[in-house]
Amino acid sequence: MSLPKKFDVIVVGAGHAGCEAALAAARMGCETLLFNINLDSIALMSCNPAIGGLAKAQLVKEIDALGGEMAKIADKTACHFRLLNSSKGPAVQSSRVQCDKQLYRLAMKEVVEREKHLYIRQALVERLVVEDGVVKGVTDNTGFYYEGNTVIITAGTFLNGLVHVGVSRQSAGRAGEIASIGLAENLKELGFEMGRMKTGTPPRLRASSIDFSNLERQDSDPDPTPFSYTTKTLREERLPSYFTATTAATHKIIRENIMQSPLYSGAIKGVSARYCPSLEDKVMRFEDKGHHPVVLEFEGLETEEIYSKGLGNSLPLELQEKLVQSVPGLEEAEIMRNAYAIEYDFVQPTELKQTFETKLITGLYLAGQTNGTSGYEEAAAQGMWAGINAACAVQKREPFILDRSEAYMGVLVDDLVTRGVDEPYRMFTSRAEYRLILREDNATMRLMGKGHELGLIPDDDYRDLKEKVRQVEAGINNLSSHKIYPVTETNEILEKMKTAPIKNPVTLYQLLKRTEVAYDGLKVFDGWEEIKDRDIKRQVEIEAKYEGYIKRQKEAVEKFRSLEEKKIPPGIDYCEIPSLSSELQKKLTAVCPASFGQAQRIPGMTQAALTAVLIHAKKMELESKNASGEN
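The rules we used
- Residues numbered from 1 in each chain as written.
- Predicted model: local features only at pLDDT ≥ 70, side-chain atom pairs only at ≥ 80, totals over all residues.
- Heavy atoms only, no water.
- Pairing = 2+ DSSP bridges.
- Helix = DSSP H or I, 4+ residues; strand = E, 2+ residues; numbered from the N terminus.
- Axes fitted to C-alpha atoms, helices over the stretch in contact; angles between N-to-C directions.
- Salt bridge = Lys/Arg side-chain N within 4 Å of Asp/Glu carboxyl O.
- Buried < 20%, exposed > 50% of the residue type's maximum accessible area, 1.4 Å probe, protein only.
- Contact = heavy atoms within 4.5 Å.
- Domains from an automatic or database assignment.
- Parallel < 35°, antiparallel > 145°, perpendicular 65-115°, else oblique.
- Left-handed = near helix turned anticlockwise from the far one by under 90°.
- Nonpolar A, V, L, I, M, F, W, Y, C, P; charged D, E, K, R; others polar.
- Right-handed = clockwise from strand over helix to strand, strands pointing away.
- Core = buried A, V, L, I, M, F, W, Y, C linked by side-chain atoms within 4.5 Å.
- Arc of directions from axis to C-beta.
- Polar contact = N/O pair within 3.5 Å; in protein donor to acceptor, adjacent residues only side chain to side chain.

**Q** Give a description of the sheet that holds strand E17 (residues 305-309) that names residues and reports values.
**A** Taken in spatial order, the six strands make up an open sheet running E14-E15-E16-E17-E13-E18, and their pairing is antiparallel. Two strands close off the open sheet at either side, each with one partner strand: strand E14 (216-218) and strand E18 (335-337). Neighbour to neighbour, the strand axes of the sheet diverge by 35° on average, direction disregarded. Direction of pairing for strand E16 (residues 293-298) relative to E17: antiparallel, over a ladder of four bridges. The residue of E17 that forms the bridge with glutamate 297 is tyrosine 307.

Written out as structure tokens, the structure reads:
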């Protein structure tokens with residue numbers, strides 16, 4: 001049995017990746033079907049209900065600039081705002097918000113349900129239907145068939161998911177939800193290189209059972225900047241966060257009972273992330289540390305549940321109780337939801353093209369934790385990427401590709417398909433070589449034009465953007481056209497501003513380059529003009545203060561692109577290049593790099609090996625020309 005309707009795009013899984021994938025495809029005009037095992041868990045935040053953070057905020061802003069939804073929903077449901085690294089340069093500053101967990105889920109569910117061209121279905125997808133290496137659709141656990149031109153799998157932690165609490169093991173995609181066993185086995189049968197990873201979540205505590213009186217309190221930033229360029233107002237309700245720490249008693253409980261943790265008993269086979277270890281790992285690996293930080297964050301405005309960041313573990317329940325109550329402020333704390341670890345299957349992302357279409361099956365795309373990543377933001381970015389490219393394939397349009405110099409999304413995708421993963425992948429600012437020009441504050445200016453070309457950004461919004469760009473340029477030109485002179489009155493003003501006097505005439509733009517000088521600090525000088533829009537004002541300041549660094553980074557980008565533009569012939573056989581090691585032959589064959597720039601980033605690649613590939617490619621080109629009779 002099957003539906004009479006054939007879909008352009010079928011999306012399996014309605015987490016953060018699935019929602020963005022389905023919305024992007026539908027908004028581009030594709031008839032799209034979105035599956036979820038339980039429609040009440042669409043966009044459910046399985047772990048901390050927070051959006052953004054270091055490097056992740058840049059992804060959220062880029063999703064928004066391209067016409068995605070995550071930033072809008074985060075703004076709508078946020079109840080705690082924080083700008084991280086506010087004392088550092090703009091390249092590493094990142095916004096983070098704590099959302100109301102249930103409001104976020106419901107707000108996203110409303111958006112996907114109301115989207116034109118988007119159909120929602122509660123079902124457990126078990127198999128892909130593939131003919132002659134081309135995907136034709138999917139079947140669910142009842143055997144019902146859904147026909148589609150393309151399929152995107154965004155299964156999160158549900159592929160063969162296994163939840164661990166002490167010696168207890170339960171098949172689940174997350175606590176209380178069934179795992180996707182059939183689809184995981186089907187992917188293995190189809191020949192994909194699969195791996196196993198592990199993540200986890202801490203206990204949720206009852207707020208009224210916590211003594212907050214002696215804990216350090218952190219309130220929300222008073223005047224935050226929204227994630228989305230469309231957000232005009234933010235909700236007024238705010239919730240604080242609190243800080244405490246583990247104790248010697250906490251660590252003693254863990255050390256004395258470490259073999260009851262499935263991480264140490266050998267029950268868990270999946271790979272954990274080094275950068276986000278469980279509490280057992282932190283205690284055992286860092287024996288010299290007397291305590292580890294614990295952050296208590298509300299999960300919503302109308303709930304008692306507190307997310308206890310830093311207390312993630314997979315110990316038996318009776319030990320979890322003792323562990324929690326050994327922490328200051330939590331002596332009487334009640335656990336509402338216990339902590340657990342979860343293992344799940346993923347597909348090695350070197351199996352993917354840059355579009356996220358699989359190399360093995362035409363029309364099949366993968367995104368999110370299925371590709372070995374972690375984090376809502378990484379998942380959403382991948383989902384949007386896959387959704388756009390699936391729609392482009394259906395509509396016979398050119399693929400949507402951003403390179404490493406254009407967006408954090410480009411860095412994310414290139415890292416995955418070129419390097420693969422050996423642990424859950426997480427975005428860091430250090431991964432982006434060109435982070436000074438890939439800031440969260442300029443994401444809209446960088447990418448909205450591309451979103452408009454795709455049909456995901458309305459004409460009015462794009463016109464507004466172009467007007468903002470014009471105003472930034474006008475602000476810079478105005479400051480550059482007005483000078484101040486080294487007279488006594490001017491230097492007295494500069495002394496009050498706690499900046500050095502001038503000996504020669506300088507423009508207001510040159511003066512703004514100084515660390516001590518802000519844009520509004522220049523209003524004492526003739527020629528200054530008020531800029532009411534703080535985003536425009538900030539862009540003018542950044543362009544002034546970082547002009548030299550930005551120029552050098554743009555020069556580096558030009559060198560980078562010269563290699564990216566040198567394409568590698570698609571039919572190249574790396575085993576025919578004898579000077580390549582067998583290891584590099586295997587890696588190059590697996591990755592199948594599209595350009596010499598991508599080939600250069602493959603782990604283990606040397607300059608000599610790259611030169612050998614270049615010579616072989618030139619030889620192929622000459623042979624092709626000779627065969628066709630070209631001069």
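**Q** How would you sum up the pattern of salt bridges? Please name residues and give values.
**A** Applying the stated criterion to the full structure yields 47 salt bridges. The partner of aspartate 219 in a salt bridge is arginine 217, and the shortest N-O contact between them spans 2.8 Å. Residue class for arginine 217 comes out partly exposed when judged on its relative accessible area of 48%. Between aspartate 281 and arginine 285 there is a salt bridge, with the nearest N and O atoms lying 3.9 Å from each other. Within this pair, aspartate 281 and its partner arginine 285 are both found in helix H8 (residues 279-285), separated by four residues, close to a single helical turn. Taking the relative accessible area as the measure of exposure, arginine 285 reaches 41% and is therefore partly exposed. Each of the salt bridges in this network shares a partner with another, and the network as a whole consists of Arg404, Asp414, Asp415, Arg419, Glu433, Glu564 and Arg601.

**Q** Help me get a handle on the sheet that holds strand E5 (residues 94-99), residues and values and all.
**A** The strand order across the open sheet formed by three strands is E3-E5-E4, and the pairing between neighbours is antiparallel. The open sheet has two edge strands with one neighbour each: strand E3 (50-52) and strand E4 (78-84). Across the sheet, the mean angle separating the axes of adjacent strands is 20° when strand polarity is ignored. When E4 meets E5, the two strands line up antiparallel, connected through six bridges. Counted as the bridge partner of phenylalanine 81 is valine 97 from E5. Helix-sheet contacts for helix H3 (residues 70-77) involve E3, E4 and E5, and the interaxial angle to E4 is about 115°.

**Q** Tell me about unusual backbone geometry, and name the residues and values.
**A** Despite not being glycine, asparagine 85 shows a phi value in the positive range, around 60°. Residue position: asparagine 85 is located in the loop between E4 and E5. Given the relative accessible area of 23%, asparagine 85 is considered partly exposed. The phi dihedral of aspartate 132 falls on the positive side, at around 50°, and the residue is not glycine.

**Q** Mind laying out the domain arrangement of the protein, listing which residues take part and the relevant values?
**A** The domain boundaries assigned to the protein delineate domain 1 (204-340), domain 2 (459-563) and domain 3 (566-630). Centre-to-centre separation of domain 2 and domain 3, based on C-alpha positions: 46 Å.

**Q** Kindly report on the side chain of glutamate 69, identifying the contributing residues and their values.
**A** Of note, glutamate 69 is situated in the loop between helix H2 (56-65) and H3. In contact with glutamate 69, not counting residues within four places along its chain, are Glu20, Leu23, Arg27, Ile63, Met108 and Val111.

**Q** Residue-level account of the pairing of E5, with values.
**A** Counting buried positions along E5 gives six out of six residues, so the element sits mostly inside the fold. The side-chain alternation of E5 yields two buried faces, one formed by Ser94, Arg96 and Gln98 and the other by Ser95, Val97 and Cys99. The pairing of E3 with E5 spans three bridges and is antiparallel. When the bridges of E5 are listed, glycine 52 appears paired with arginine 96.

**Q** Go over the packing of helix H12 (residues 443-454) against helix H13 (residues 459-480) with me, naming the residues and quoting the values.
**A** It is the contact of H12 with H13, at a shortest axis distance of 10 Å, that shows an interaxial angle of 150°. Accordingly, the angle class assigned to the pair H12 and H13 is roughly antiparallel. The chirality of how H12 crosses H13 is left-handed. In this structure, H12 uses Thr444, Met445, Met448, Gly449 and His452 to contact H13, whose residues at the interface are Asp459, Asp461, Tyr462, Leu465, Val469 and Val472. Considering only residue class, the contact of H12 with H13 consists of six nonpolar, three polar and two charged.

**Q** Summarise the pairing of strand E1 (residues 7-12); cite the residues concerned and give the values.
**A** Of all six residues making up E1, six are buried, and the element is well covered by its neighbours. Of the strand pairs in this sheet, E1 and strand E2 (residues 32-36) are connected by four bridges, and their pairing is parallel. Bridging from a neighbouring strand, valine 9 pairs with threonine 32 of E2. In the classification by handedness, the crossover that spans E1, the intervening helix H1 (residues 16-27) and the parallel E2 is right-handed.

**Q** Describe the nonpolar core, and please don't skip the residues or the numbers.
**A** Ile51 and Tyr104 are the most contacted members of the largest nonpolar core, which totals 110 residues. If one sorts the elements of this core by residue count, helix H10 (residues 376-394) sits on top with eleven residues. Other than its neighbours up to four places away in sequence, isoleucine 51 contacts Met45, Val60, Met70, Ala74, Ser95, Arg96, Val97, Cys99, Tyr104, Phe227, Tyr376 and Glu377. Ranked by size, the runner-up nonpolar core spans 25 residues in total, among them Val283, Leu315, Leu319 and Val327.

**Q** With reference to specific residues and values, describe the packing of H2 against H3.
**A** Close contact between H2 and H3 brings their axes to 7 Å; oriented N to C, the two are set at 115°. Taken together, the axes of H2 and H3 are roughly perpendicular relative to one another. Packed against H2, whose contacting residues are Val60, Ile63 and Asp64, the element H3 presents Met70, Ala71 and Lys72 at the interface. Of the residues assigned to the contact of H2 with H3, the class counts are four nonpolar, no polar and two charged.

**Q** How would you sum up helix H14 (residues 488-496)? Please name residues and give values.
**A** Thr490, Asn491 and Leu494 are the residues of H14 that are buried. For H14, the angular spread of the buried residues around the axis is 95°, confining them to a single face. Turned more than 90 degrees away from the buried face of H14, the exposed residues are Thr488, Glu489, Glu495 and Lys496. Buried residues in H14 make contact with strand E21 (483-484) and helix H15 (508-512). Among the residues trailing H14, lysine 498 stands out with phi positive, at a value near 60°.

**Q** Summarise the side chain of threonine 154; cite the residues concerned and give the values.
**A** Tracing the backbone through its elements, the reader meets threonine 154 in the loop between strand E9 (145-153) and strand E10 (162-165). Looking at threonine 154, the relative accessible area reads 6%, which means it is buried. From its side chain, threonine 154 meets the backbone nitrogen of glycine 18 in a polar contact 3.5 Å long. Excluding residues that lie within four positions of it along the chain, threonine 154 makes contacts with Val11, Val12, Gly13, Ala17, Gly18, Ala367 and Thr370.

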